[in-house]
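Architecture and fold: a report
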Amino acid sequence: MSDERARSPAAMGCPIEERTSHTAGGSRTGCSRCAVLCRGARFPGLRAGRDHTRDRSRAGWARATLDGVTVTVWWAAPTDPVSRPDLVALLDEHERQRMAALRRDDDRARYLAAHALTRLVLASRLGGDPAALDMDRTCGCGKPHGKPRLAGHRDAPGFSLTHSGALVGVALGAGPVGVDVERHRPLSDLDGLARHTLSPAERRSGDLGADGFLVTWTRKEALLKATGTGLASPMDAITLSDPGAPARVLDWPDAGGPWWVADVVTPHDDHPGAVAGAGHSAPAITVADGDAVLSVVRGTMSR
Ligand SMILES: CC(C)(COP(=O)(O)OP(=O)(O)OC[C@H]1O[C@@H](n2cnc3c(N)ncnc32)[C@H](O)[C@@H]1OP(=O)(O)O)[C@@H](O)C(=O)NCCC(=O)NCCS
Ligand SMILES: [Zn+2]
């Protein structure tokens, strides 16, 4: 990201939110979010338009079923905490300690980008200081390692974050959402993993191969992150459509209601991504440039 672009978010269109004021001067800028992304070199596969879920069966980019609500997924690269003290300053004490406890540089960079991006897009939607957002991470067991929620905001949007390999992602929607991305990597015990991950019906329908397995894994993780149970719920209780077909929940006896899931395009072909939420059908899904969001903090965002 060039300095010039970082200084001029209004000129390039709003990477955060339609009609949201987030420039230093506070001027309200009309958003050309999708047009910006579709023209961007980092998303060469995207067509102009709002919906960028991948329809694998037709190897194209398909419009998701609309039910009146939009989910936005921002993708960004990891950011080195040493070079971005402005982003570190957005984190709360818990997040700073968690980040500092990570031993590997790339884990810290993923952690920082994911949590700073979460705060920036939430603050953009709700108004106010991203650093002042009060995150509640209480798990069912009482420890602070559960699905993050915003404390003190009754009408807060649903959100979810993910980090893997060269990407971090944040999803925002009106209701509960879950997002997952996984870097493609050799899986040493695919058969063993498949036994724990795939339902009997999925196993009967044949070998998915490593690529198909990873697609199914990201879809199921997105669903379990949307419900908030995470991997404490068995993945093999969920039966999904074939990974080569549009994502669909075929059977999930203990789901407690309908959940949709969709593949979502990422900037890297070897990082499959999925997003999920409550309801019968996927809403419009917009992919947005999280790097642009992170880049404006240092130069232009007033805090
Ligand atoms: C949450 C989980 C699905 C994450 O999967 P992952 O692919 O390793 O990691 P991702 O990068 O996609 O997502 C991690 C983020 O999900 C969020 N998260 C954590 N628990 C979550 C949950 N139950 N539901 C939704 N999101 C959750 C956090 O923000 C976390 O990021 P952070 O650790 O930087 O704060 C998985 O680690 C999990 O289920 N863990 C809980 C296991 C469990 O049940 N433990 C027993 C608790 S008593
Ligand atoms: Zn717990």
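For the structure, check the block above.
Residues numbered from 1 in each chain as written. Chains lettered and ligands numbered in written order. Predicted model: local features only at pLDDT ≥ 70, side-chain atom pairs only at ≥ 80, totals over all residues.

So, the overall build of the protein chain
The criterion, for reference: Helix and strand definitions here come from DSSP, where helices need a minimum of 4 consecutive H or I residues and strands a minimum of 2 consecutive E residues; each element is numbered from the N-terminal end. Residue burial here comes from a neighbour count, namely the number of other C-beta atoms, placed from the backbone, that lie within 10 Å of the residue's own C-beta, with 20 or more meaning buried, 12 or fewer meaning exposed, and in between meaning partly exposed. Contacts here follow a simple rule: the backbone-placed C-beta atoms of the two residues must lie within 7 Å.
Scanning the protein chain from N- to C-terminus turns up 10 helices and 13 strands. The proportion of buried residues among the 303 residues of the protein chain is 40%. Taking the intrachain contacts of the protein chain between residues at least 6 apart in sequence as the baseline, contacts between residues at least 24 apart amount to 60%.

Regarding the pairing of strand β13 (residues 284-289)
Our working definition: Two strands make a pair as long as DSSP finds a minimum of two bridges between them.
Burial analysis of β13 places five of its six residues in the buried class, which makes it a mostly covered element. Across six bridges, strand β3 (residues 70-76) lies against β13 in parallel orientation. Pairing of W75 across the sheet is with D289, part of β13.

With respect to helix α9 (residues 209-227)
Given 3.6 residues per helical turn, the α-helix brings residues three or four places apart onto the same face. The condition is simple: To estimate the expected span of a helix, subtract one from its residue number and multiply by 1.5 Å.
A rise of 1.5 Å per residue sets the reference length of α9, with its 19 residues, at 27 Å; its end C-alpha atoms lie 27 Å apart and thus fit the reference within 8%. The buried count for α9 comes to 14 of 19 residues, which makes it a mostly enclosed element. The first or second residue beyond α9 is G228, which carries a positive phi of 95°.

A short note on the packing of helix α7 (residues 190-197) against α9
In helix packing, the relevant descriptors are the interaxial angle and the interaxial distance, both defined with respect to the helix axes. The following threshold applies: Under this scheme, a helix contributes an axis fitted over its contacting stretch, all axes are lines through C-alpha atoms, and angles between N-to-C directions fall in the 0 to 180 degree range. Each crossing gets its hand from how the near helix is turned against the far one by less than a right angle, where anticlockwise is left-handed and clockwise is right-handed. Under the scheme applied here, ten amino acids are nonpolar (Ala, Val, Leu, Ile, Met, Phe, Trp, Tyr, Cys and Pro), four are charged (Asp, Glu, Lys and Arg), and all others, including Gly, are polar.
The geometry of α7 relative to α9 is characterised by a closest axis approach of 11 Å and an angle of 35° between their N-to-C directions. Handedness of the α7/α9 crossing: left-handed. Of α9, the residues touching α7 (which contributes L190, A194 and T197) are A210, F213, T216, W217 and K220. Each residue belonging to the contact of α7 with α9 can be placed in one class, and the counts come to five nonpolar, two polar and one charged.

Quick look at the sheet that holds β3
Hydrogen bonds between backbone groups are what pair the strands of a sheet, and the pairing can be parallel or antiparallel. In spatial order, the strands read β6-β7-β3-β13; together these four strands make up an open sheet with mixed pairing. For this open sheet the edge positions go to β6 (158-164) and β13, each flanked by a neighbour on one side alone. Sheet twist, expressed as the mean angle between neighbouring strand axes with direction ignored, is 20°. Strand contacts of helix α6 (residues 105-126): β3, β6 and β7 (167-173), with the helix running at about 25° to β7, the strand carrying the most contacts.

Considerations on the site of ligand 1
What counts, and what does not: For each residue, a C-beta atom is placed from the backbone, and the residue counts as near a molecule or strand when that atom lies within 6 Å of it.
Not every one of the 22 residues close to ligand 1 is listed here, only the nearest: K147, T162, G230, L231 and A232. When contributions to the shell around ligand 1 are tallied by element, the ones reaching two or more residues are α6, β6, β8 (177-181) and α9. Ranked by residue count, the leading element in the shell around ligand 1 is β6, at five residues. Across the shell around ligand 1, the residue classes tally to nine nonpolar, nine polar and four charged.

What about the environment of A132?
Position of A132 relative to the elements: it lies in the loop between α6 and β4 (135-136). Taking the C-alpha atoms as reference points, A132 and D92, separated by 40 residues in sequence, lie 8.0 Å from one another.

Considerations on the nonpolar core
To keep things clear, this is the line we draw: To count as a nonpolar core, a set of buried Ala, Val, Leu, Ile, Met, Phe, Trp, Tyr and Cys residues must be joined through C-beta atoms within 7 Å.
Among the nonpolar cores identified, the biggest contains 55 residues, and V73, L117, V275 and A276 are the most heavily contacted of them. At 11 residues, α6 tops the list of elements feeding residues into this core. Among residues more than four places away in sequence, those in contact with A276 are V177, G178, A222, L223, A226, W259, W260 and V261.

Regarding the packing of helix α5 (residues 93-101) against α6
Worth spelling out the cut-off: An angle below 35 degrees is treated as roughly parallel, one above 145 as roughly antiparallel, one from 65 to 115 as roughly perpendicular, and anything else as oblique.
The interhelical angle for the contact between α5 and α6, taken along N-to-C directions, is 160°, at an axis separation of 8 Å. On the basis of the axis angle, α5 is roughly antiparallel to α6. Note that α5 runs across α6; the crossing there is right-handed. Each of E95, R98 and M99 in α5 lies in contact with α6, whose residues at this interface are R108, Y111, L112 and H115. When its residues are assigned to classes, the contact of α5 with α6 shows three nonpolar, one polar and three charged.

Considering the environment of A237
Secondary-structure assignment places A237 in the loop between α9 and β9 (239-240). Residue A237 is classed as partly exposed on the basis of its C-beta count, with 13 C-beta atoms lying within 10 Å. Residues A237 and D254, 17 residues apart in the sequence, show an inter-C-alpha distance of 7.8 Å. If sequence neighbours within four positions are ignored, A237 has contacts with S199, W252, P253 and D254.

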